[in-house]
Amino acid sequence: MRKYNFKLKATFMAAIFSACLNCAAKNSAADCSFIAIADAQYSSNAGTKMNRHYKLSIQKLDKILESEKSGQFDFVVNLGDAIDGGFSNYKHVVSRLEAFPFPLYNLLGNHDLACSENEQLEAVKLLFKGGKTYYSMDKGGWKFIFLDPMRLSGVSKIKPLECKRQYEEIFSKLSEENAVNAKPWNGGIDSEQLEWLESQIKKAQLEKKKAIVFCHMPIFPLNSESLYNWREVSGLMSKYDCVKAYIAGHYHKGGYACADGIHYITVCGLVEGEKVSYARVYLYGDSIRVSGVGDVKSLDLSIR
């Protein structure tokens, strides 16, 4: 019979309990915290393919809500692609997202616009109460900037005429270069939005606030799902040391990279597999803590 050292076991359990208390205390002492969910891609009539369990996404959202509803988060961010395969799926997903007892901030993804032109207009009204698909908000010493990469995407039937011209130009150039991200389902940030982005970052810098940028399409690590004009956007952000992180979805495997002092975090797609994957993010004066659930990796990141 195996002999246990009960004293050692008790000491070990006490250490674990203490570590849990310290972790909880650290999380509760955060300047700000939020839940990040990417690529639910819910569809009531799609089967499972490429390990994507479209019908399960509703159950997964319910599990996240049940697990986190008593938490003390400042907001929830939906990183885009809430649905897959039809506008009628929105009512199921949006009702779940809006059930969280925290403010909800939506991003627009390519699958969100996989519907008719009129339905695309309705989707924007449904997801963005003010009608603006890129916007910002402040919380304490942090500024949060939400971008819309669908203004430079072939998927969008409702983009402004100038954005249509810019899209055709950039997609043609990337295709000629055989760029890894020259895919019709990707998108980019148009010139008007870039100008606005820089104005928001400058404002954060002037007010001595730390900034986090959200976008459906990732930048780094560079892959087939990366933002069309990733060079321009990352170059702009790197000029300002107030920008601490860029958080995205779209690439379902997730990922992490650090470039020019900015943390690039890609949250795994909720639709993938049977696991419930999402991120809890805690922001501090000197660091960012990503508490990953499911396939999302946990990260402790010092900030510049």
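Up top is the structure.
Everything quoted here is computed from the prediction, not taken from an experiment.

Colleague: Is there a simple way to explain the side chain of His-53 in this structure?
Modeller: Note on placement: His-53 falls in strand S3 (residues 52–53). Apart from the residues within four sequence positions on either side, His-53 is in contact with Thr-48, Val-271, Gly-273 and Glu-274.

Colleague: Looking at this model, I keep getting lost on the nonpolar core. Mind explaining?
Modeller: The nonpolar side chains of a soluble globular protein tend to be buried with one another. Within the largest apolar cluster, 91 residues are counted, with the highest numbers of intra-cluster contacts made by Phe-34, Ile-37, Phe-144, Leu-197, Phe-214 and Met-237. What Phe-34 contacts, discounting residues up to four positions off in sequence, is Phe-73, Phe-75, Val-77, Phe-144, Phe-214, Ile-247, Ala-279, Arg-280, Val-281 and Leu-283.

Colleague: Which parts of the structure should I look at to understand the packing of aromatic side chains?
Modeller: What describes a pair of aromatic rings is the distance from one ring centre to the other and the angle between the planes of the rings. All chains considered together, the criterion is met by 21 aromatic pairs. Between the aromatic rings of Phe-34 and Phe-214, the centroid separation amounts to 5.5 Å while the plane-to-plane angle is 75 degrees, which identifies the pairing as edge-to-face. Remark: Phe-214 occurs in strand S8 (residues 210–214) and Phe-34 occurs in strand S1 (residues 32–37); sequence separation between them is 180 residues. Grouping residues by exposure puts Phe-34 and Phe-214 together as buried. Seen from their ring centres, Phe-75 and Tyr-105 are 5.4 Å apart, and the 90 degrees between their planes marks the pair as edge-to-face. Within this pair, whereas Phe-75 is found in strand S4 (residues 75–78), its partner Tyr-105 is found in strand S5 (residues 104–106), the two being separated by 30 residues in sequence. For the pair formed by Phe-75 and Tyr-105, the shared burial category is buried. Members of the aromatic cluster, connected to one another through ring pairs, are Phe-34, Phe-75, Tyr-105, Phe-128, Tyr-135, Phe-144, Phe-146 and Phe-214. Over the ring of Tyr-167 we find Lys-159; its NZ or CZ atom is 5.3 Å from the centre of that ring. Its end group placed over the ring of Trp-142, Lys-210 keeps NZ or CZ at 5.6 Å from the ring centre.

Colleague: I'm lost on the sheet that holds strand S9 (residues 243–248) in this one. Help?
Modeller: Sheets are built from strands paired through backbone hydrogen bonds, the pairs being either parallel or antiparallel. Spatially, S6-S7-S8-S9-S11-S10 is the arrangement adopted by the six strands of the open sheet, whose pairing is mixed. At either margin of the open sheet sits one strand with a lone partner, and together these are strand S6 (135–139) and strand S10 (255–259). Shown here is a sheet whose adjacent strand axes are inclined to one another by a mean of 15 degrees, direction ignored. Where S9 lies against strand S11 (residues 262–266), four bridges are found, and the strand directions are parallel. Of the residues in S11, the one forming a bridge with Tyr-246 is Tyr-264. Here helix H6 (residues 191–206) sits on the sheet and contacts S6, strand S7 (142–146), S8 and S9; the angle it forms with S7, its principal contact strand, is near 175 degrees. In the packing of helix H7 (residues 230–238) onto the sheet, contacts are made with S8, S9 and S11, and the angle to S11 comes to roughly 140 degrees.

Criteria and cut-off values
- Residues numbered from 1 in each chain as written.
- Predicted model: local features only at pLDDT ≥ 70, side-chain atom pairs only at ≥ 80, totals over all residues.
- Heavy atoms only, no water.
- Helix = DSSP H or I, 4+ residues; strand = E, 2+ residues; numbered from the N terminus.
- Contact = heavy atoms within 4.5 Å.
- Core = buried A, V, L, I, M, F, W, Y, C linked by side-chain atoms within 4.5 Å.
- Buried < 20%, exposed > 50% of the residue type's maximum accessible area, 1.4 Å probe, protein only.
- Phe/Tyr/Trp six-rings, centres within 6.5 Å; stacked < 30°, edge-to-face > 60°.
- Lys NZ or Arg CZ within 6 Å of the ring centre and 35° of its normal.
- Pairing = 2+ DSSP bridges.
- Axes fitted to C-alpha atoms, helices over the stretch in contact; angles between N-to-C directions.

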